[in-house]
Amino acid sequence: KNEVEQSPQNLTAQEGEFITINCSYSVGISALHWLQQHPGGGIVSLFMLSSGKKKHGRLIATINIQEKHSSLHITASHPRDSAVYICAVSNYNTDKLIFGTGTRLQVFP
Amino acid sequence: DAGVIQSPRHEVTEMGQEVTLRCKPISGHNSLFWYRQTMMRGLELLIYFNNNVPIDDSGMPEDRFSAKMPNASFSTLKIQPSEPRDSAVYFCASTKGQGTEAFFGQGTRLTVV
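Residues numbered from 1 in each chain as written. Chains lettered and ligands numbered in written order. Predicted model: local features only at pLDDT ≥ 70, side-chain atom pairs only at ≥ 80, totals over all residues. Heavy atoms only, no water.

A. Highlighting the overall build of chain B. A count of helical and extended segments in chain B gives 0 helices and 11 strands. Secondary structure elements of chain B, listed N to C terminal, follow the sequence β-β-β-β-β-β-β-β-β-β-β. Over its C-alpha atoms chain B spans a radius of gyration of 13 Å, differing by no more than 12% from the 13 Å that the globule rule assigns to 113 residues. Its C-alpha atoms give chain B principal-axis dimensions of about 35 × 25 × 25 Å. Among the 113 residues that make up chain B, the fraction classed as buried is 48%. Pairs at least 24 residues apart make up 53% of the contacts formed inside chain B by residues separated by at least 6 positions. Only carbon and sulfur atoms are counted for the fraction: they give 50% of the accessible area of chain B, which is about 5,600 Å². Charge-centre separation for chain B: the mean point of 11 positive side chains lies 4 Å from the mean point of 12 negative side chains. (Helix = DSSP H or I, 4+ residues; strand = E, 2+ residues; numbered from the N terminus. Rg over C-alpha atoms; globule rule 2.2 N^0.38 Å. Buried < 20%, exposed > 50% of the residue type's maximum accessible area, 1.4 Å probe, protein only. Contact = heavy atoms within 4.5 Å. Areas by Shrake-Rupley, 256 points an atom, 1.4 Å probe, with all protein chains shown as cover. Lys, Arg positive; Asp, Glu negative; His and termini not counted. Charge placed at Lys NZ, Arg CZ, Asp CG, Glu CD.)

The structure is reproduced here in structure tokens:
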């Protein structure tokens, strides 16, 4: 079993829809990261959080430490949101990242 | 700051050749990571340095891979000899330290033919 699990693996949406991507982890963490990767592109950090909720524009990330679960929400989705979204966790003792397998999102106009 | 800078962006080489990938971390960051991304295995840590010292190289596939960080502003990942199965995108990332945000370079897409 992977230490970081994401769901769904693939997601398609119509422009304007509300999107949720989920991440569960089984290890102790110091922080959880949400990353974005556009096709053929680099990796961009969207959020790093260790408790509660963070918001940036149309993106919202939440984490429940007790349940070892995080969600990434996109409100009013847009075709430019089409990308792979990767959940990763930082280990307690080091700051190396353990990655989920990613969620491929396609938003159609 | 220009962010994490990797070079080259693309590399095509023949099997058996030596390949060197380069990374310049963000100034002031003291941790540097080399990750590899493939379709089959996703993102995997190869090695990471803290204050220029290798801390964990357990992800380095085999002796053909080596990494150095001679100073705080430069790191290399070398593959010698290269094999087709090394074809992947190699990312370098840096952080200020434990529990801080990771910044990634644009990656080097390596193709070994």
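B. Fine view of the interface of chain B and chain A. The partner chain A presents 19 residues to the 20 residues of chain B that form the contact. Note on chain B versus chain A: buried area summed over both sides is about 1,600 Å², and carbon and sulfur give 56% of it. When residues of chain B are sorted by the area they lose upon contact with chain A, Leu-43, Gln-98 and Phe-104 of chain B head the list and together hold 32% of the total. Summed over the shared surface of chain B and chain A, the result is 1 salt bridge. One salt bridge connects Lys-96 of chain A with Asp-56 of chain B, and the closest N-O pair in it is separated by 2.6 Å. Counting every contact that joins chain B to chain A gives 4 residue pairs in polar contact (both at pLDDT 80 or more). Of all the secondary structure elements, the ones that give two or more residues to the side of chain B that touches chain A are strand E4 (31-38), strand E5 (42-50) and strand E9 (88-95) of chain B. Ranked by residue count, the leading element in the side of chain B that touches chain A is E4 of chain B, at 4 residues. (Buried area = accessible area lost by both parts, 1.4 Å probe. Salt bridge = Lys/Arg side-chain N within 4 Å of Asp/Glu carboxyl O. Polar contact = N/O pair within 3.5 Å; in protein donor to acceptor, adjacent residues only side chain to side chain.)

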